[in-house]
Amino acid sequence: MRKVLRYNAYLLLSTIIFLACKESDNEIPQNGIASVNWIHFERLYNDLDTTHFTEALEHLFTEYPDFSRLYFHQIMGLPEAASQLTEEALDILKDSSYQLLYHDILKEFTDMEDIMADFNSGLQNYRRLLSNNQGLPRVYSFISGFQYQSLVFEDAYGEALGIGLDLFMGDDFPYQTVDPGNPAFSKYLTRTFNEDHIIKKAVEVLVEDKMSAPTKADFLSLIIWGGKKLYAIDQILDFKPDTIIFEYTPAQMEWCRQNEVQMWNFFFDKDLFYETDIKSFNKLVAPAPYSPGMPVEAPGATGNYMGYRIVQEFMKRNPEVSLAELLTLDNAQEILEKSKFKPMD
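Being a predicted model, the structure only gives us computed values, none of them experimental.

Criteria and cut-off values
Residues numbered from 1 in each chain as written. Predicted model: local features only at pLDDT ≥ 70, side-chain atom pairs only at ≥ 80, totals over all residues. Heavy atoms only, no water. 1 Å grid on protein atoms, 1.4 Å probe; cavity = no way out; pocket = protein on both sides within 12 Å on 5 of 7 lines; lining within 4 Å. Points joined across faces, edges and corners; volume = space filled by probe spheres on them. Helix = DSSP H or I, 4+ residues; strand = E, 2+ residues; numbered from the N terminus. Nonpolar A, V, L, I, M, F, W, Y, C, P; charged D, E, K, R; others polar. Pairing = 2+ DSSP bridges. Axes fitted to C-alpha atoms, helices over the stretch in contact; angles between N-to-C directions. Core = buried A, V, L, I, M, F, W, Y, C linked by side-chain atoms within 4.5 Å. Buried < 20%, exposed > 50% of the residue type's maximum accessible area, 1.4 Å probe, protein only. Contact = heavy atoms within 4.5 Å. Salt bridge = Lys/Arg side-chain N within 4 Å of Asp/Glu carboxyl O.

Engineer: Account for the layout of surface pockets, with residues named and values stated.
Structural biologist: Roughly 690 Å³ of volume is contained in the largest pocket. No other element matches helix α9 (residues 219-236), which puts five residues into the lining of the largest pocket. Residues that form the lining of the largest pocket fall into these classes: 18 nonpolar, eight polar and seven charged.

Encoded structure:
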């Protein structure tokens, strides 16, 4: 029998998964203020009656068919054949490492008040700025086997979110021991694996869902794409500090603010703007511990920071462009020119 809790050698920090779309019946209450419907799938699964497990699992699939299929078949990789699914899903519940992790999660997330407040505010803003759906996305928390932090899919009510709680356990959780040598568990990444960043990761996949891939693969196109995403997240999470939006430490955030001219000149000196070799600028547009060639104080993904500043100036100068329209614009050169961007001294 195979091991049931898998520690994959990869980590998808923001993964978008789609199921068949269904008509939404998630209505707004008469007072016009909706609150998030949070389904603790990890608890529903763990509390299944193991003495009548076949019937209990069938009932879970009946109550939450879309997420049950997504969770067991796609996330956990269990077979669709009923007998095998029942056997292996039961094995997971009996696995000591799973039970230890489950109880650690219960301790870490005993008080959900602040998290719920973040989701209520953030998803209200998202609905107002980007979503045509009258209801708020439902949220399903689950144990991902250290594979997924957040994902977006469709359930019977429309757009829905999945949150892998095992990747938000905080600084005290020994992530480096989960899969030693896996760069996905590097300290510069796991320092954000906490409840303060859950809403950011959730909104990030929602925003990415509204964006098409860059039409070009040059440095300018990629930093504008990253800048649009950061700008949208910042607008939706206007109650969160920049350190959460950019996933920088306060010192790194301040360094970026104080060194815009130096960063801009660095990109020019290295002739990066129309460079298409991703290896030459990957750490400037993707999560990284540092930006090569810059002072040690510079964080990674400084290109995305500058992309955000360009988009910020573009939106100031073009107030007729809505946030939804911004995410569909794919001409990076035009955005740069219309922004009239100048880095701050």
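Next, the rest of the story.
Engineer: Summarise the sheet that holds strand β2 (residues 138-142); cite the residues concerned and give the values.
Structural biologist: The four strands lie next to each other as β1-β2-β4-β3, forming an open sheet whose pairing is mixed. Strands with a single pairing partner mark the edges of an open sheet, and in this sheet they are β1 (38-40) and β3 (150-155). Across the sheet, the mean angle from the axis of one strand to that of its neighbour is 25°, orientation sign disregarded. As paired strands, β2 and strand β4 (residues 158-164) are joined by five bridges and run parallel to one another. Within β4, the position partnered with serine 141 by the bridge is isoleucine 163.

Engineer: Provide a residue-level description of the nonpolar core, including the pertinent values.
Structural biologist: Nonpolar side chains tend to gather and get buried jointly when the protein is soluble and globular. Counting residues in each nonpolar core, the largest one holds 108 residues, and the members touching the most others are Tyr45, Tyr71, Phe72 and Phe119. The leading source of residues in this core is α9, at nine residues. Discounting chain neighbours no more than four positions away, the residues touching phenylalanine 119 are Val36, Trp38, Gln124, Val139, Leu161, Ile163, Ile198, Ile199 and Ala202.

Engineer: Outline the pattern of salt bridges, supporting the account with residue identities and numerical values.
Structural biologist: Summed over all chains, the structure comprises 15 salt bridges. Between aspartate 118 and lysine 240 there is a salt bridge, and its shortest N-O distance comes to 2.9 Å. In this pair, aspartate 118 is assigned in helix α6 (residues 113-129) and lysine 240 in the loop between α9 and α10 (242-246), connecting sequence segments 122 residues apart. The residues aspartate 118 and lysine 240 share a single accessibility class, namely buried. In this structure, glutamate 204 engages lysine 229 in a salt bridge whose closest nitrogen and oxygen atoms are separated by 3.1 Å. Linking glutamate 204 in helix α8 (residues 198-210) with lysine 229 in helix α9, this pair joins segments that are 25 residues apart in sequence. In terms of burial, glutamate 204 and lysine 229 fall into one category: buried. The network of salt bridges with common partners includes Lys200, Lys201, Glu204, Glu208, Lys229 and Glu247.

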